[in-house]
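Fold and geometry: a report
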Amino acid sequence: MPKLPVYLDYHATTPADPRVVEVMAPYFTERFGNAASRHHPFGWAARDAAEAGRRQVAELIGADPREICFTSGATESNNLALKGALSAAGAARPHVVTVATEHRAVLDPCRRLADAGARVTEVAPDSDGLVSPKSIERALTDDTVLVSVMLANNEIGVLQPIAEIAEITRARGILLHSDAAQAVGRVPVDVGALGVDLLSFTAHKLYGPKGIGALYVRRRRPRVPLAPIIDGGGHERGLRSGTLNVPGIVGFGAAAEICRTELAAEEERIGRLRDRLLAALTGRLDGVTVNGSLERRLPHNLNVSFAGVEGESLLVGLDDVAVSSGAACTTASPSLEPSHVLRAIGLPDELARASLRFGLGRWTTEEEIDYAADKVASLVTRLRELSPVTRAS
Ligand SMILES: *Cc1c(COP(=O)(O)O)cnc(C)c1O
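Residues numbered from 1 in each chain as written. Predicted model: local features only at pLDDT ≥ 70, side-chain atom pairs only at ≥ 80, totals over all residues. Heavy atoms only, no water.

Digging into the nonpolar core
The nonpolar side chains of a soluble globular protein tend to be buried with one another. Among the nonpolar cores identified, the biggest contains 60 residues, and Ile61 and Leu199 are the most heavily contacted of them. Looking at this core element by element, the count peaks at nine residues for helix α8 (residues 246-284). (Core = buried A, V, L, I, M, F, W, Y, C linked by side-chain atoms within 4.5 Å. Buried < 20%, exposed > 50% of the residue type's maximum accessible area, 1.4 Å probe, protein only. Helix = DSSP H or I, 4+ residues; strand = E, 2+ residues; numbered from the N terminus.)

Set out below in structure tokens:
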């Protein structure tokens, strides 16, 4: 029996690696300096630590350290990328292209921009969750300033064809932003190979601390024009003012370095566990469908729907397995609205609500997977026996 409850919600957040916490600790106490203090060793030590963290973070994505702008997380990075790029472009009626399955941290800033006069196109993905580069191309106009497409989807884990989209945007001089919060540290990400101009990511999704993230901002070919959304002391080359979160940056750097060295082995192990989970569920149940492409997908993600069960009873019954459901998993407010992602790939509301998202991670064990699979399969079987009518409808 594994230690309960079993955590299978690594897309929501990851625990910080104890090795990360250990290197952060002194930066709260004896090395507490402000990285902007130029005239004494307290400041110098803080600045050196922040710059070392910046190098580690940059290396994980193949960037130059000067291309890393630290923020409070991927939400802020997305806001800076979208609002900052449009503000710098200064067009009267700029156009933005994004995808209907993006995270709220992209869709909501886009809606804010639309309120302020921008035109926003939300491209629909195919039924496997992937957006075709052709459909992005068709959405472009002479006024398009920016295209924003996430690298890995936070619900269904599909990996979008960013490099192909970049070829299209580059040829037309349009900026490409990618929300890579779910991908960085979990699959290889190289900004050069992807051809992106802006890329958002966050430490708490890669075993680092909460409250620290980064925006990659391309410096050359082309240099990306970006206006700040937070003004103050001119930190981060004027892009994001505010005293640097030195402990956070140190932790982000350490977490990035661990991911860089352990990623390949780790994702192979986790991918095997994910496949074991899927095999166990489909072995015991019929009426199980995988949402999103299984081939172009994060190795640690599984999102499945169970025909003939009610979403609410599914969640209530899973008291000792922490997962997310196809209902209410994208907002902070409790609601049973089916997920906009599952809707966008064509799932009927009933099936979307009867979906579970499993996110595996660094500390997931075989024993936990077997426990979770058994728990879910027994529950689904029991719920179907209780309400055979729902099933037939
Ligand atoms: C978690 C997540 C975010 C938000 O990141 P924060 O650091 O919590 O602000 C944004 N986009 C995606 C795809 C995410 O998974």
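With respect to the side chain of His11
Among the structural elements, His11 can be located in the loop between β1 (6-7) and α1 (18-24). Exposure remark for His11: the relative accessible area of 2% places this residue in the buried category. Separated by 3.0 Å, the side chains of His11 and Asn301 make a polar contact. Not counting residues up to four positions away in its chain, the partners in contact with His11 are Asn154, Gln182, Lys205, Leu298, His300, Asn301, Arg357, Phe358 and Gly359. (Polar contact = N/O pair within 3.5 Å; in protein donor to acceptor, adjacent residues only side chain to side chain. Contact = heavy atoms within 4.5 Å.)

A short note on unusual backbone geometry
Cis geometry marks the peptide bond from Leu4 to Pro5, where omega comes out at -10°. Of note, Pro5 is situated in the segment before β1. Residues Arg221 and Pro222 are joined by a peptide bond in cis, for which omega reads -10°. Residue position: Pro222 is located in the loop between β8 (213-217) and α8. Positioned with a positive phi, Arg221 is a non-glycine residue whose angle comes to about 45°. As for its placement among the helices and strands, Arg221 is situated in the loop between β8 and α8. Positive phi, normally seen in glycine, also occurs at Glu236, with a value near 50°. Here Glu236 is to be found in the loop between β8 and α8.

Observations regarding the sheet that holds strand β12 (residues 324-325)
On the basis of which strands lie adjacent, the open sheet formed by four strands has the order β9-β10-β13-β12 and antiparallel pairing. The sheet is open, and its two borders are formed by β9 (288-290) and β12, each paired with just one other strand. Bridge count for strand β10 (residues 301-306) against strand β13 (residues 355-359) is five bridges, and the pairing is antiparallel. For Leu302, the partnering residue across the bridge sits in β13 and is Phe358. (Pairing = 2+ DSSP bridges.)

Distances and angles like these do not, on their own, reveal function.
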